[in-house]
Amino acid sequence: MSQSMASAANTGSASDRLQALGLTLPELRDNPYYVHHRALGAGIHISGQLPYQDGWLLRQGVVGRDVELEEARELARHAALNALAAAVQAVGDLDRVRIVQMLVFVASTPDFGEQSNVASAASELLIEVLGENGRHARTAIGVAGLPLNSPVEIQMVCTAV
């Protein structure tokens, strides 16, 4: 973690840090087939989130063929932001969210091998916004395909603090 990221993560509220990054939590659209989050005991399971912005999937394709690494990293940040919005729906306040685990799925070519680098962009965002509550266990997985031909999908487990 860079020095500037570490110091920024220790100042102000999570909402203040989100705003300082020029970001806002999106409104998540209801879906008739699933919920965006489900609590089980102290854990809150966040459904897989795609890189939607304003109701539109930002990109389709396979990383390493149709989508470049830097674009995939940006898409991972958008998916993480959507997952944060679901977490806030569950706990009521961004400052109460603690990320426990994040699973990052990257639709990628068999020889891509940079799934962890894509996932790191989402991890960096979580730490920038939530500070120590954003640090988490993580798995990055390359897959043959994702819903709607999305390049990235993020699923989380979090808890309220």
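As the structure is a computational prediction, the values presented were derived from the model and not from experiment.

> Just checking my understanding: could you explain the pairing of strand 5 (residues 97-107) for this structure?
Put simply, side chains in a regular strand alternate between the two faces of the sheet. The buried fraction of strand 5 is high, at eight of 11 residues. Alignment of strand 5 against strand 7 (residues 152-160), held across nine bridges, turns out to be antiparallel. Each residue of the ladder has a partner; that of Val97, found in strand 7, is Ala160.

> I tried to follow the packing of helix 3 (residues 69-91) against helix 4 (residues 115-130) on my own but got confused; where do I start?
Relative placement of two packed helices is described by the angle separating their axes and the distance separating the axes. In contact at an axis separation of 8 Å, helix 3 and helix 4 are set at 45° when each is read in the N-to-C sense. Accordingly, the angle class assigned to the pair helix 3 and helix 4 is oblique. Helix 3 and helix 4 meet at a crossing whose hand is right-handed. The residues of helix 4 that touch helix 3, namely those facing Leu69, Ala72, Arg73, Ala76, Arg77, Ala80, Leu81 and Leu84, are Asn117, Val118, Ser120, Ala121, Ala122, Glu124, Leu125, Leu126, Glu128, Val129 and Leu130.

> Looking at this structure, how should I read the nonpolar core?
The tendency in soluble globular proteins is for nonpolar side chains to be buried side by side. Ile154 and Met156 are the most contacted members of the largest nonpolar core, which totals 38 residues. Elements that contribute at least two residues to this core include exactly helix 2 (14-20), strand 2 (43-49), helix 3, strand 5, helix 4 and strand 7. The element contributing the most residues to this core is helix 3, with 13 residues. Beyond its immediate chain neighbours, meaning those up to four positions away, Ile154 contacts Ser47, Gly48, Gln49, Ala76, Ala79, Ala80, Met102, Leu103, Val104 and Ala122. Counting residues in hydrophobic clusters, the runner-up holds five residues, among them Leu103, Phe105, Val143 and Leu146.

The rules behind each value
Residues numbered from 1 in each chain as written. Predicted model: local features only at pLDDT ≥ 70, side-chain atom pairs only at ≥ 80, totals over all residues. Heavy atoms only, no water. Buried < 20%, exposed > 50% of the residue type's maximum accessible area, 1.4 Å probe, protein only. Helix = DSSP H or I, 4+ residues; strand = E, 2+ residues; numbered from the N terminus. Pairing = 2+ DSSP bridges. Axes fitted to C-alpha atoms, helices over the stretch in contact; angles between N-to-C directions. Parallel < 35°, antiparallel > 145°, perpendicular 65-115°, else oblique. Left-handed = near helix turned anticlockwise from the far one by under 90°. Contact = heavy atoms within 4.5 Å. Core = buried A, V, L, I, M, F, W, Y, C linked by side-chain atoms within 4.5 Å.

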